[in-house]
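Chains, contacts and geometry: an overview
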Amino acid sequence: MIKKGDIVLLAAALAAGAVAFAVNAAVQAPGAMVKVVLGHEVYGTYELAKDQEIAIDAGDGAWNVLVISNGTASMKEANCPNGDCTRQHGISRTGQCLACLPNKVLVSVKGAFGDEFDSIVH
């Protein structure tokens, strides 16, 4: 049987989750570029402001196609076994990532200063 205290506790937990989500969304600044890492090496850095399609040769016949359009990066194609990376949502805010684990490709959004800063506080 649900008691009044259970309902209050559930409402408080939902409110705390909503506040945490809102704060996280407000803190993440829009990104300026994406960095593509293949294995442990930087494959390239690309501007989010420029629409482009990047073919990523992951070696040993593995490949991915990254598309940057309207300030958002997404994985258009990949020849990995399950294709999970192509079903991930597009990324555009600092700290967000796309990953193709079988092909060892990691795409992350960076701020205007790359890895050094995500935003500037005055």
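Counting of residues starts from 1 at the beginning of each chain's written sequence and follows it residue by residue. In view of the model being predicted, local features appear only for residues whose pLDDT reaches at least 70, and side-chain atom pairs are presented and counted only at 80 or more, with totals across whole chains, interfaces and linings using the full set of residues. Hydrogen atoms and water are omitted, and side-chain values are computed over all heavy atoms in the structure.

1. Notes on the pattern of salt bridges
Throughout this description, the term salt bridge denotes a Lys or Arg side-chain nitrogen within 4 Å of a carboxyl oxygen of Asp or Glu. Taken as a whole, this structure holds two salt bridges when the rule is applied. We note a salt bridge from Glu-53 to Lys-76, for which the minimum N-O separation is 3.2 Å. Of the two residues, Glu-53 sits in strand E3 (residues 52-59) while Lys-76 sits in strand E5 (residues 72-78), which places them 23 residues apart along the sequence. A relative accessible area of 52% places Glu-53 in the exposed class. Accessible area is worked out with a 1.4 Å probe on protein chains only. A residue is then buried under 20% of its type maximum, exposed over 50%, and partly exposed in between. With relative accessibility at 44%, the residue Lys-76 sits in the partly exposed group. Helix and strand definitions here come from DSSP, where helices need a minimum of 4 consecutive H or I residues and strands a minimum of 2 consecutive E residues; each element is numbered from the N-terminal end.

2. A few points about the sheet that holds strand E4 (residues 62-69)
Pairs of strands are assigned from DSSP output, requiring at least two bridges between the strands. With antiparallel pairing, three strands are arranged side by side in an open sheet as E3-E4-E5. Every interior strand has two partners, whereas the edge strands, E3 and E5, have only one. Pairwise comparison of adjacent strand axes, ignoring direction, gives a mean angle of 25° for this sheet. Bridge count between E4 and E5: six bridges; the pairing is antiparallel. When the sheet's bridge partners are listed, Leu-66 is paired in E5 with Met-75. The angle between two axes is taken between their N-to-C directions and runs from 0 to 180 degrees, where each axis is a line fitted to C-alpha atoms and a helix contributes only its stretch in contact.

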